[in-house]
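Examination of the molecular architecture
One-letter residues, chain by chain:
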Amino acid sequence: MSAAEDMVEEDSLAEAEPLLRVEGLKMHFPVTDGLFLKHTVGLVKAVDGVSFTIAPGETLGLVGESGCGKTTVGRCILRLEQPTAGKVIFSGVDIAGMKTSEMSDLRQDVQVIFQDPFSSLNPRMKIGSIISEAMRVHGIIKDATERRERVSELLRICGLNPRFADRYPHEMSGGQRQRVGIARALSVNPKFIVCDEAVSALDVSIQAQIINLLEDLQKQFNFSYLFIAHDLSVVRHLCHRVAVMYLGKIVELADCDELFDNPKHPYTRALLSAVPVPDPEIEAARSHQILEGEVPSPINPPSGCVFHPRCPQAIETCKRDIPELQEFTPGHMLACPVVPRE
Amino acid sequence: MGLPGGWSLENLLEISDLTTEFDTSDGVVRAVGGISYTVGLGETVAIVGESGCGKSVGAMSILRLIPEPPGRIAKGQALFEGRDLLKMSNAEIRDVRGRDIAMVFQEPMTSLNPVLSVGRQLTETLLRHTDMNEQKAKERALDLLRQVGISDPARRLTQFPHHLSGGMRQRVMIAMALCCEPKLIIADEPTTALDVTIQAQILELMRDLSKRLGVAQLIITHNLGVVARYADRVNVMYAGKIVETGTAKEIYHNPSHPYTLGLLASVPRLDQPRGTALIPIEGQPPDLARLDDGCAFRPRCRFATERCGHEIPELETVTGDHKSACWHYETLVQQNGTAA
């Protein structure tokens, strides 16, 4: 694809009506104490006011370290959690407050690919049944023979031999199982797929196969991904836009290359500098900014900007004022008042 | 000074033809199929490879931590300061473990004892290997925790592993490894379970300690970035064999084995713009119980010829210490040269 064509594609993504709009999403889990008289002693603010949009055919990367709330955001969109507050508008409908009985359509439109291909496939079911179950439940293909044909087709699309339909998960390698997970997600013709660390458990040579498959499928079927990952190199390769989370909040959100070439938030900068590049000469020349300390507990987060205790640029007001996510330059959102504007 | 076994002074550890096998229901699995490498004094050497390539088993074999049966070190030599670790009595190897050679494991939660306090686990090693008394050992433990950057060390000594975060636990593991001032630390995926910013902290700490105390390191990892940042020399393993060895610079800038080349082309990089093509290595690693007498990488290799099917290539010199085990490395180097 030429550069000009690529530009057109990116532009149309930005203008299109978003498929998903998340507004002020909050997910607070109660911390309870007491054996008989259970009472709430605190709140884990796993997600604390997160907003973003995803256009049709777009991939949004959601990155951050363990416990930053990225997986919980994904679970709220899948409605595996009932959000504490905020809106999750999918195709114009707010699904945040939807009843379970109303969610059948949502379950068809929104699918998920999990991290661990070993625990996310039922070990007692054959691959064919695993893939066809959702089609049967949703009544997409009622005829068993047609369903079997569709399973063969899905396996082929995902780069597997249709004969695998008669095998069990334990007979397959990690990469093959992940392909089965993808085939299962595709079976209901979704518009949106949440990939929660979908390639993290795989070896590099297999990981590249799966990344390429995810990209090819998106080109073919034009669905959107929310790509949740901690591996920033993979995110840079795969995503159109990227949001960086820290302790339940988005601290920076921008177009992929903009974010990686021109990171603004002190946390994003430290995060990028921590990732080693597979080239000893570049590594020797790079300056490594080592972030001190660890992520604080979300039960008792720091006042003001949650990053201020570890931030090399923190000033007095950071301890007090909670920074808002604001447009820094067109399309580049930032939640840090200290970074100087050019 | 006459040294036994042709051991040279620069080499702290000299592995030759190490072969480790396991008896399984599928037959004999040769997890490590005759590997040879060296680690010099104060040097950081990396062993890179994917799951199941034998990199961990190779390292465990050196310290004789392979459960026997079903495992067995079939042949080879592991000279540490000229003494063969594989021929030592159980009592002798116990003295080496934790004193001369220490190990840092991947999963700090499962490799620390959950029912013993941090202090107890640190002093245990000291009491076992040195003639320190309890009081002295405690002081040394405090000092070690301080060295690895643990805040409030006196309180930490009384705490248990579940009180600590993952990064903190890995620091405790490193403190334990440093207890008896070892000459070599074997680190098996030391940062794989950690977040990137904590990974950077731990690796920086290990590098700093190694420089300051002159400890050699053998790092076993699958992360090519970590290797590029921290290793002096690299051994690439595939299906139980070392397929390429050389300085980090040579391996990354002039890869001379199709597998190394494939690995480097398939890993997404932080410094490459979005959408840069990833070229995966097609197919899957071979079943180690069903290796034939050809090159194990052959089914996935675009350079493979008929010869690769019946002759196993040995490591041959590319330039200087840079070696590759491929019949076609010359073609490969040439092609790479013209492509670059």
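Reference entry: report on the structure contained in this document.

To continue, consider the interface of chain A and chain B. If you look at the interface, chain A gives 37 residues, while chain B gives 37 residues. Contributing elements (two or more residues each) for the side of chain A that touches chain B: helix 7 (204-221), helix 8 (232-238), helix 9 (256-261), helix 10 (266-274) and helix 11 (280-285) of chain A. With six residues, helix 7 of chain A is the largest single contributor of residues to the side of chain A that touches chain B. Across the side of chain A that touches chain B, the residue classes tally to 19 nonpolar, 10 polar and eight charged.

With that settled, consider the sheet that holds strand 2 (residues 27-40) of chain B. As a general point, the strands of a sheet are linked pairwise by backbone hydrogen bonds and lie either parallel or antiparallel. With antiparallel pairing, four strands are arranged side by side in an open sheet as 2-1-4-5 (chain B). Of all the strands in the sheet, the pair left with one neighbour each is strand 2 and strand 5 (83-84) of chain B.

With that settled, the discussion passes to the environment of A:Thr317. With respect to the helices, strands and loops of the structure, A:Thr317 is situated in the loop between helix 11 and strand 11 (326-329). As for A:Thr317 and A:Arg177, which are separated by 140 residues in sequence, their C-alpha atoms are 50 Å apart.

Residue and element names in this part refer to chain A. Most of strand 8 (residues 224-229) sits inside the fold, with six of its six residues counted as buried. Of the two faces of strand 8, the one carrying Ser-224, Leu-226 and Ile-228 and the one carrying Tyr-225, Phe-227 and Ala-229 are both buried. Here five bridges tie strand 3 (residues 59-63) to strand 8, and the two strands are oriented parallel to one another. Note that in strand 8 the partner of Thr-59 across the bridge is Tyr-225. With five bridges joining them, strand 7 (residues 192-196) and strand 8 adopt parallel strand pairing. Note that in strand 8 the partner of Val-194 across the bridge is Leu-226. Once the chain exits strand 7 it traverses helix 7 before rejoining the sheet at strand 8, and the crossover so formed is right-handed.

What follows covers helix 4 (residues 118-129) of chain B. For helix 4 of chain B, with 12 residues, the first-to-last C-alpha span of 18 Å sits near the 16 Å given by 1.5 Å per residue. Among the structural elements, helix 5 (134-147), helix 6 (153-158) and helix 7 (166-178) of chain B are those in contact with the buried residues of helix 4 of chain B.

This paragraph deals with helix 5 (residues 144-157) of chain A. All names here are of chain A. In a regular helix each residue adds 1.5 Å, so 14 residues correspond to 20 Å; helix 5 covers 20 Å between its end C-alpha atoms and thus fits that length. The secondary structure elements touched by the buried residues of helix 5 are helix 4 (127-137) and helix 6 (174-186). Just past helix 5, the residue Gly-159 takes up positive phi, approximately 75 degrees.

Here we take up the packing of helix 7 of chain A against helix 11 (residues 258-266) of chain B. Taken N-terminus to C-terminus, the directions of helix 7 of chain A and helix 11 of chain B make an angle of 45 degrees; their axes are 9 Å apart at the nearest point. Considering the angle they form, helix 7 of chain A stands oblique to helix 11 of chain B. When the axes of helix 7 of chain A and helix 11 of chain B are compared, the crossing they make is left-handed. Residues A:Val204, A:Ser205 and A:Ala208 of helix 7 of chain A form the contact with helix 11 of chain B, whose own contacting residues are B:Gly262, B:Leu263 and B:Ser266. Taken together, the residues of the contact of helix 7 of chain A with helix 11 of chain B sort by class into three nonpolar, three polar and no charged.

Rules of the game
- Residues numbered from 1 in each chain as written.
- Chains lettered and ligands numbered in written order.
- Predicted model: local features only at pLDDT ≥ 70, side-chain atom pairs only at ≥ 80, totals over all residues.
- Contact = placed C-beta atoms within 7 Å.
- Helix = DSSP H or I, 4+ residues; strand = E, 2+ residues; numbered from the N terminus.
- Nonpolar A, V, L, I, M, F, W, Y, C, P; charged D, E, K, R; others polar.
- Pairing = 2+ DSSP bridges.
- Buried ≥ 20, exposed ≤ 12 C-beta atoms within 10 Å, placed from the backbone.
- Right-handed = clockwise from strand over helix to strand, strands pointing away.
- Expected span 1.5 Å × (residues − 1).
- Axes fitted to C-alpha atoms, helices over the stretch in contact; angles between N-to-C directions.
- Parallel < 35°, antiparallel > 145°, perpendicular 65-115°, else oblique.
- Left-handed = near helix turned anticlockwise from the far one by under 90°.

Function-wise, these values are silent; they only describe arrangement.
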